[in-house]
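Descriptive analysis of the structure
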Amino acid sequence: MADVDRYRPEDRRHVDALYRRVFGIDAADAHRLRWDWQYKLNPDMPADGPLIWLAREGQTVVGHYASMPVRLQVKGREIDAAWGTDVMVAPERQRQGLGELLFRTWDREVGAALGLGLSASSSQLFTKLRWHNVGPVPCMVKPLTRRALRRPEWSVGANRLLSALTLPWIRLVARSRPLQGEVRTIRQFDARFDAFWTRVSSAFGMVVKRNAAYLNWKYIQAPHVRYTVAVLERDGELSGYIVYRHLQEPRGKVTLVVDWLTPPDDQAAFLTLLRWVDRESRAADSDKIRIYATHAGYRKALRQSGYFAVKSTMEFVAKINAIDVPSAFYASTDMWHVTLGDSDQDR
Ligand SMILES: CC(C)(COP(=O)(O)OP(=O)(O)OC[C@H]1O[C@@H](n2cnc3c(N)ncnc32)[C@H](O)[C@@H]1OP(=O)(O)O)[C@@H](O)C(=O)NCCC(=O)NCCS
């Protein structure tokens, strides 16, 4: 039977090799590029090193469970939590209980265990462990051009007809609207964001702590992806921020809204930041904007801004250990703030 213990620096080579076997060469290269940032530079990394567990058989690493520690605010209390990130078991050792052993170790060691964007096999494992599946995280899309609605499985004629019918609506939702306040881009989150977090965070039932240290690590220092951060100020006071990036997908150009924070009852603040992103997306020639949002207040503003719901595949599980929560806590995520920027989903 395998032993499970914490990762040590001399394990790095073995972990790389296992990653290559389970996820392939390209994913392993990307993992290496992210590794120092993701595991060593995380401001919430414990003093005794990265929160990674390995399953070993003698000298051989046969399983790996990496997690991303964060501080989590749950019903007004701050606790330690960790997103499960890179989990893998050697192909010849799968379906023999090692995954379950690793998942249970992680769960035992953290104040709250959180999982986002699950694979089919890990999703099955969470079901077997009877964890609360609180997902998927709702996904919404705003079309900016006719290309956004094109269906690859339809004929050219049918797509042309769809384009002609939807053009007036797309022009209406994609039109430019005024900003209420001053929006500008920044390259660093300063101490004002700590005060902003303190002011805003109690409005959420559950949310990862978004202080300046976390935001700089997550959105300024990430080595594998480049984000733009825009902030809204009204009368010189910080009213919110939004993080986004543009990318080319096989079916067109997309702007991804990755993270944001505004007081959820301040619809005008979020709408203004969304309007800023509209402008930036048009300037970048994007066909659509995509966003993931659990909070009902944010989703209401998104609908007002021309977004509509599409099928989401971003599964989400959560288990709070450090404090007692009733099972009703997991029944609705309408007051939680979880989005694409959480965990390591945007890679
Ligand atoms: C996910 C993973 C770590 C699970 O490890 P494992 O050692 O195979 O898991 P276990 O043997 O403890 O399996 C426990 C349960 O998980 C589920 N499960 C595991 N692999 C599965 C698969 N390929 N298909 C469907 N369900 C699966 C089953 O419910 C299984 O219970 P059962 O064997 O009684 O049916 C492993 O399958 C893996 O490395 N997968 C490839 C990488 C991956 O998908 N990582 C997750 C990224 S989110």
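Residues numbered from 1 in each chain as written. Predicted model: local features only at pLDDT ≥ 70, side-chain atom pairs only at ≥ 80, totals over all residues.

**Structural notes on the sheet that holds strand β8 (residues 182–186)**
In space, the 7 strands of this open sheet follow the order β8-β10-β11-β12-β13-β7-β14, with mixed pairing throughout. Taken across any chain shown, the strands that pair with only one partner, and hence form the sheet edges, are β8 and β14 (308–310). Each adjacent strand pair in this sheet contributes to an overall mean axis angle of 30 degrees, direction not counted. As paired elements, β8 and strand β10 (residues 228–234) share 5 bridges and run antiparallel to each other. The partner of E182 across the bridge, within β10, is E233. (Pairing = 2+ DSSP bridges. Helix = DSSP H or I, 4+ residues; strand = E, 2+ residues; numbered from the N terminus. Axes fitted to C-alpha atoms, helices over the stretch in contact; angles between N-to-C directions.)

**Quick look at the pairing of strand β2 (residues 52–57)**
Regular strands have side chains that alternate between both faces of the sheet. Alignment of strand β1 (residues 3–6) against β2, held across 4 bridges, turns out to be antiparallel. In the strand pairing of β2, R6 is matched with W53. As paired elements, β2 and strand β3 (residues 60–74) share 6 bridges and run antiparallel to each other. Its bridge partner lying in β3, E57 is registered against T60. In sequence, β2 turns back onto β3 through a hairpin of 2 residues, with G58 there showing a positive phi of about 60 degrees.

**Side note on the site of the ligand**
What surrounds the ligand is a group of 19 residues, the closest being G99, E100, S119, Q124 and L125. Among the elements of the structure, β4 (77–89), α3 (98–109) and α4 (120–128) are those that each provide at least two residues to the shell around the ligand. Considering each element in turn, the shell around the ligand owes the most residues, 6 residues, to α4. Taken together, the residues that form the shell around the ligand break down as 8 nonpolar, 8 polar and 3 charged. (Near = placed C-beta within 6 Å. Nonpolar A, V, L, I, M, F, W, Y, C, P; charged D, E, K, R; others polar.)

**Observations regarding the packing of helix α8 (residues 267–283) against helix α9 (residues 296–304)**
It is the contact of α8 with α9, at a shortest axis distance of 10 Å, that shows an interaxial angle of 50 degrees. Considering their axes alone, α8 and α9 lie oblique with respect to each other. Here α8 runs over α9; the crossing is right-handed. Residues Q267, F270, L271 and L274 of α8 lie in contact with α9, whose contacting residues are Y298, A301 and Q304. A class-by-class count of the residues in the contact of α8 with α9 yields 5 nonpolar, 2 polar and no charged. (Parallel < 35°, antiparallel > 145°, perpendicular 65-115°, else oblique. Left-handed = near helix turned anticlockwise from the far one by under 90°. Contact = placed C-beta atoms within 7 Å.)

**What to know about the nonpolar core**
A82, A112, V257 and L273 are the most contacted members of the largest nonpolar core, which totals 83 residues. Looking at this core element by element, the count peaks at 8 residues for β3. Viewed by domain, this core spans two of them, domain 1 (3–133) and domain 2 (139–311), each represented by three or more residues. With sequence-adjacent residues up to four places away left out, A112 is seen in contact with L72, V74, I79, A81, A318, K319, I320, N321 and A322. (Core = buried A, V, L, I, M, F, W, Y, C linked by C-beta atoms within 7 Å. Buried ≥ 20, exposed ≤ 12 C-beta atoms within 10 Å, placed from the backbone. Domains from an automatic or database assignment.)

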